[in-house]
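# Fold and geometry: a report
Below, each chain spelled out in residue letters.
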Amino acid sequence: KQADLQDAPASTKLPDKDFVAAIEGLHETTPAGLVPIIRSGDKLTALKAYAASFERKPDTKATISLVMADYGLSKKISADANKALPDGISLSLNPYSKDAQELTNQARKQNREVWLSLPIQTDAYPEIDTGPNTLLTNMNLAENENRILSTLSTSTGYAGVILDEGNSFSSRKGDFEKIIGSLRDRGLGLVQSDTESPFIEEIAGQQKAPFAKNN
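Every residue gets a number counted from 1 within its own chain, in the order that chain's sequence is written. Since the coordinates come from a predicted model, pLDDT governs what is reported: local features require at least 70, and pairs of side-chain atoms require 80 or more to be given and counted, while whole-chain, interface and lining totals use all residues. Calculation of side-chain values draws on the structure's entire complement of heavy atoms; hydrogens and water are dropped beforehand.

Time to look at the side chain of Thr156. Of note, Thr156 is situated in the loop between helix H4 (141-152) and strand E6 (160-163). In this analysis, two residues are considered to be in contact whenever any of their non-hydrogen atoms come within 4.5 Å of each other. Residue contacts for Thr156: discarding those within four places in its chain leaves Ala21, Ala22, His27, Leu34, Gln101 and Thr104. Think of it this way: any DSSP run of H or I at least four residues long counts as a helix, any run of E at least two long counts as a strand, and we number them from the N terminus.

Before going further, it helps to spend a moment on unusual backbone geometry. That bond from Tyr125 to Pro126 is cis: its omega, 5°, falls within 30 degrees of zero. Its identity is not glycine, yet Asp70 carries a phi of approximately 60°, on the positive side. Locating Asp70 in the fold gives a position in strand E3 (residues 67-71). Summary of the burial criterion: residues with accessible area below 20% of their type's maximum are buried, those above 50% are exposed, and those between are partly exposed, where the area comes from a 1.4 Å probe applied to protein chains only. Residue Asp70 is classed as partly exposed on the basis of its relative accessible area, which comes to 42%. A positive phi angle, close to 60°, is found at Asn111, a residue other than glycine.

Let's shift gears to the layout of surface pockets. Only protein atoms enter the 1 Å grid, on which a cavity is a set of points fitting a 1.4 Å probe that cannot get out and a pocket is an open set with protein on both sides within 12 Å along at least 5 of 7 lines, lining residues being those with an atom within 4 Å of a point. Grid points are joined across faces, edges and corners, and a volume is the space filled by probe spheres set on the points. Taken as a whole, the second largest pocket holds about 230 Å³ of empty space. Considering the residues around the second largest pocket, the lining is formed by 17 residues, among which Asp70, Asn94, Ser117, Thr130 and Asp164 are closest to the centre. Listed by contribution, the elements that provide at least two residues to the lining of the second largest pocket are E3 and strand E5 (114-118). Amino acids are sorted into nonpolar (Ala, Val, Leu, Ile, Met, Phe, Trp, Tyr, Cys and Pro), charged (Asp, Glu, Lys and Arg) and polar (every other residue, Gly among them). Here the residues of the lining of the second largest pocket are counted per class, giving eight nonpolar, five polar and four charged.

The next point concerns the sheet that holds strand E8 (residues 211-213). One bridge is not enough; two strands pair if DSSP finds at least two bridges between them. Spatially, the six strands line up as an open sheet ordered E3-E4-E5-E6-E7-E8, and their pairing is parallel. If you trace the sheet from one side to the other, it starts and ends with E3 and E8, each paired once. Neighbour-to-neighbour, the strand axes of this sheet turn through a mean angle of 30°, independent of strand direction. The sheet contact formed by E6 and strand E7 (residues 189-192) spans four bridges and is parallel. For Val161, the partnering residue across the bridge sits in E7 and is Leu190. Where helices are involved, their axes are fitted lines through C-alpha atoms of the stretch in contact, as for all axes, and angles between N-to-C directions lie from 0 to 180°. On top of the sheet, helix H5 (residues 173-185) reaches E5, E6 and E7; it is set at about 150° to E6, its chief contact.

Moving on, we get to the packing of aromatic side chains. Between 30 and 60 degrees the pair is tilted, below 30 it is stacked and above 60 it is edge-to-face, where a pair is any two Phe, Tyr or Trp rings, Trp via its six-membered ring, whose centres lie within 6.5 Å. Enumeration over the complete set of coordinates arrives at two aromatic pairs. On the basis of an interplanar angle of 40° and a centroid distance of 5.4 Å, the ring pair of Phe169 and Phe176 is categorised as tilted. With relative accessibility at 0%, the residue Phe176 sits in the buried group. For the pair Phe176 and Phe199, a centre-to-centre distance of 5.4 Å together with 40° between the ring planes defines the contact as tilted. Within this pair, whereas Phe176 is found in helix H5, its partner Phe199 is found in helix H6 (residues 199-206), the two being separated by 23 residues in sequence.

Looking now at the environment of Ser74. Tracing the sequence through the fold places Ser74 in the loop between E3 and helix H2 (75-84). Looking at Ser74, the relative accessible area reads 27%, which means it is partly exposed. Here the alpha-carbon distance between Ser74 and Lys98, two residues 24 residues apart in the chain, equals 8.7 Å.

On to the nonpolar core. Counting residues in each nonpolar core, the largest one holds 44 residues, and the members touching the most others are Leu152, Val161, Leu163, Phe176, Leu183 and Leu190. Leu152 has contacts with Leu34, Val35, Pro36, Leu116, Tyr158, Val161, Leu183, Arg186 and Leu188, leaving out every residue within four places of it along the chain. In this text, buried Ala, Val, Leu, Ile, Met, Phe, Trp, Tyr and Cys residues form a nonpolar core when linked through side-chain atoms within 4.5 Å.

Structure (structure tokens):
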């Protein structure tokens, strides 16, 4: 997957001895667990705090971002990926991963950027079902927001969310606008992995959310 997330300042790599799973003030406690918020005072966001350090050189002509999907589904493959993948490759954490916090911590200790996959109803639903926290068009906004909280509490330490779908919500655009606005207000970056649909991109632009799209 390739993307160019604009206006995402590089963060400073944390040495292992200073590593913390959750940066103070960047999360709030909910019934689902810890979820990101914008820190009061300095307005630090998860996107700024948890993005991997990156230096664009003066002669850089293009930036290509590479993302490994479904990080965490296999503990062995995930551990191997952390060891074997070159620096600079980001990881998309599957929200149903076991030991998700441990896996996120392992990635961040190596200055590897982590994003969280947000399950959204596919056009082929229910033949293609992305699990119990999937946002569904036949649920009201409050129910879907509870599912979002459950997903966001998977771990701490991710820079934003990756949305694989969204077209199914075209008939409920108002709800989806509120969902995108809520993610933005929590200081999260947004990446659309679907290369074709303009739906999420249009809403993210209207909401002035930090956004990138797989091309």
